[in-house]
Amino acid sequence: MPRPIAARIDGGALRHNYLLARNQARRGEGRARAWAVVKANAYGHGLLRAARALADVADGFALLDLEEAVRLRDAGIRQPILLLEGFFEAADLAVCAAHDLTLVVHRLEQLQMLRRASLPVRLPIFLKLNSGMNRLGLTAAELPAVRRELAASPAVSAVTLMTHFAEADGDGGEACITWQLERFAGMLADWPEAATWPVSLANSAAILRYPQTARDWVRPGIMLYGGSPFADQDAASLGLKPVMTLHSRILAVQEIAVGERVGYGGTFVARRPTRVGVVACGYADGYPRHAPGGTPIVVAGQATTTLGRVSMDMLACDLTDLPAAGVNSPVVLWGEGLAADAVAAAAGTISYELFCALARRVPVVEV
Ligand SMILES: *Cc1c(COP(=O)(O)O)cnc(C)c1O
């Protein structure tokens, strides 16, 4: 018998969330297309699994690794594939050309490498401008050189302009977005050709809250997987469905007296006679070790909380008020019936990190 833990991945929910993202981006007259962001192994959901679930509907797939892009092409994906950080060295370019990839260009040197590579085909690029996040992107000072390079380059088939928001998910979102949009427009002010190019701005948070950012291509990530990008709004109220459900079973029950402690460090001390359920799930499965006692968990369909520290292969939960629960009762760690965002918030992180951390040893069941 394998351990009872598994992750259920719901391809129908993934499709639902993708279509919701694109419909949001098309409010009003919009014609926006949507990259399905499948970086980081589709946020832990499995790259090829996610691509298969979205193959009929997605306008394109966006990710980071060249090797992952090639795997998508080998699996028969025909849509555009966007490399979100572009290529890393000139040697990558022949592979990019052979697989018809779309490249983010965020440094001037990338354009120079592209020109010198003398590729047999021209490639579409997404020219990434740094509008204030100060992570990736070209600055205003670099744009004159970029324009000269583009004018001289036979390597580029089409340009889309792109930037990324630093705070679309936060309290100061509106002001920050307005400021970044102004900087973005300002950088392009005396570049008439650029005014004719398509634009890609929005991540999940911007798609959901700032329809003015939809433009030509949006880039939903976390919302595809049923996570809310917002601390103050849950995924269900946004119409999103959970895609990953991490579930397991109770493998032992301990009845402890007042004053008894639970787990490493004895951080939980019973203040009442307590029925402790031991769950086959620990940090080596990807459950966050820093989730404190009191983190929500669902046992036999009922909400309760964890007790004490998370161990490598197990964690404890409170069954005192769940008399019908016992050995073999089903447990949901997050997903259907328990929002990953709620677990993440209790653990001081975000659902992105929970999903990405799902361990390889956890078997995946597709539904
Ligand atoms: C990861 C990423 C996204 C998706 O962001 P979410 O917050 O998950 O929607 C969009 N654009 C870029 C450039 C990214 O790196």
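What counts as what
- Residues numbered from 1 in each chain as written.
- Predicted model: local features only at pLDDT ≥ 70, side-chain atom pairs only at ≥ 80, totals over all residues.
- Heavy atoms only, no water.
- UniProt positions renumbered as here; feature names shortened; annotations may be inferred.
- Helix = DSSP H or I, 4+ residues; strand = E, 2+ residues; numbered from the N terminus.
- Buried < 20%, exposed > 50% of the residue type's maximum accessible area, 1.4 Å probe, protein only.
- Near = heavy atom within 4 Å.
- Polar contact = N/O pair within 3.5 Å; in protein donor to acceptor, adjacent residues only side chain to side chain.
- Areas by Shrake-Rupley, 256 points an atom, 1.4 Å probe, with all protein chains shown as cover.
- 1 Å grid on protein atoms, 1.4 Å probe; cavity = no way out; pocket = protein on both sides within 12 Å on 5 of 7 lines; lining within 4 Å.
- Sits in = over half its atoms within 2 Å of the grid points.
- Nonpolar A, V, L, I, M, F, W, Y, C, P; charged D, E, K, R; others polar.
- Core = buried A, V, L, I, M, F, W, Y, C linked by side-chain atoms within 4.5 Å.
- Domains from an automatic or database assignment.
- Axes fitted to C-alpha atoms, helices over the stretch in contact; angles between N-to-C directions.
- Left-handed = near helix turned anticlockwise from the far one by under 90°.
- Contact = heavy atoms within 4.5 Å.
- Salt bridge = Lys/Arg side-chain N within 4 Å of Asp/Glu carboxyl O.
- Points joined across faces, edges and corners; volume = space filled by probe spheres on them.
- Pairing = 2+ DSSP bridges.
- Right-handed = clockwise from strand over helix to strand, strands pointing away.

Taking an unreviewed UniProt entry as the reference, the protein is identified by name as Alanine racemase belonging to Accumulibacter regalis. The UniProt entry for the protein carries the following comment under Cofactor (unreviewed entry): "pyridoxal 5'-phosphate". If you open the UniProt record of the protein and go to Sequence similarities (unreviewed entry), you find "Belongs to the alanine racemase family."

### A word on unusual backbone geometry
Although it is not a glycine, A300 adopts a positive phi angle of roughly 50°. When you line up the elements, A300 lands in the loop between β14 (296–299) and β15 (302–307). Judged by relative accessible area, which is 40%, A300 ranks as partly exposed. Backbone geometry places N328, a non-glycine residue, at a positive phi of 80°. One can find N328 in the loop between β16 (315–318) and β17 (330–334). Exposure remark for N328: the relative accessible area of 48% places this residue in the partly exposed category.

### Let's talk about the site of the ligand
Among the 13 residues in the neighbourhood of the ligand, the closest are listed as K39, Y43, S204, I222 and Y352. A distance of 2.6 Å separates an oxygen atom of the ligand from a polar atom in the side chain of K39. Here an oxygen atom of the ligand sits 2.8 Å away from a polar atom, N or O, in the main chain of I222. Calculation on the ligand without its partners gives an accessible area of 390 Å², and the protein chains cover 92% of this total. Judged by its atoms lying within 2 Å of the grid points, the ligand is housed in the largest pocket. Considering only residue class, the shell around the ligand consists of six nonpolar, four polar and three charged.

### Re the nonpolar core
Counting residues in hydrophobic clusters, the biggest one holds 122 residues, and the most contacted among them are L114, I125, L127, L150 and W334. Sorting elements by how many residues they give to this core places helix α1 (residues 11–25) first, with six residues. Split by domain, this core shows at least three residues from each of two domains, domain 1 (11–229) and domain 2 (244–366). Judged by nonpolar contacts, the second largest core, of seven residues, contains I256, V262, V276 and A316.

### Describing the packing of α1 against helix α3 (residues 47–54)
Between two packed helices, the angle of one axis relative to the other and the distance separating the axes together describe the packing. The contact between α1 and α3 brings their axes to 9 Å, and the two run at 65°. Here α1 runs over α3; the crossing is right-handed. Contacts between α1 and α3 involve G11, L14, R15 and Y18 from the first element and A50, A53 and L54 from the second.

### Regarding the pattern of salt bridges
Summed over the entire model, instances satisfying the criterion amount to 13 salt bridges. Across the pair E366 and R49 runs a salt bridge whose closest N-O atoms are separated by 3.1 Å. Of the two residues, E366 is situated in strand β18 (residues 364–366) and R49 in helix α3; the sequence distance between them amounts to 317 residues. Across the salt bridge formed by E149 and R115, the nearest N and O atoms sit 2.4 Å from each other. With E149 in helix α7 (residues 143–152) and R115 in helix α6 (residues 108–116), the pair connects residues that are 34 residues apart, well separated along the chain. E149 gets classed as buried once you look at its relative accessible area, which sits at 8%. R115 gets classed as partly exposed once you look at its relative accessible area, which sits at 28%. Three or more residues joined by partner-sharing salt bridges are found here, namely R3, D285, D313 and R361.

### Observations concerning empty space enclosed by the protein
In the structure shown here, the tally under the stated rule is one cavity of 30 Å³ or more. Computed from the structure, the largest cavity encloses a volume of approximately 40 Å³. Around the largest cavity, the lining residues are K128, L129, N130, S131, M133, R135, L136, T163 and H164. Of the residues assigned to the lining of the largest cavity, the class counts are three nonpolar, four polar and two charged.

### Quick word on the pairing of strand β7 (residues 156–162)
Two faces make up the sheet, and in a regular strand the side chains alternate between them. Here β7 lies mainly inside the structure; five of its seven residues are buried. As judged from the six bridges shared by strand β6 (residues 123–128) and β7, these two strands associate in the parallel manner. Note on β7: the bridge partner recorded for L127 is L161. In this sheet, strand β8 (residues 199–200) lies alongside β7 in parallel orientation, the contact comprising two bridges. Counterpart to M162 in the pairing with β8 is S200. The handedness of the β7 to β8 crossover, carried by helix α8 (residues 173–187), is right-handed.

### Here's the deal with the layout of surface pockets
Of the volumes computed, that of the largest pocket is approximately 840 Å³. Surrounding the largest pocket, 39 residues form its lining, Y43, N203, I222, I350 and Y352 being those nearest its centre. When residues in the lining of the largest pocket are grouped by element, the largest group, four residues, is from helix α10 (residues 340–346). Residues of the lining of the largest pocket, tallied by class, amount to 22 nonpolar, eight polar and nine charged. Approximately 270 Å³ is the volume found for the second largest pocket. Along its surface, the second largest pocket is lined by N41, G44, H45, G46, R49, C356, L358, A359, R360, V362 and V364.

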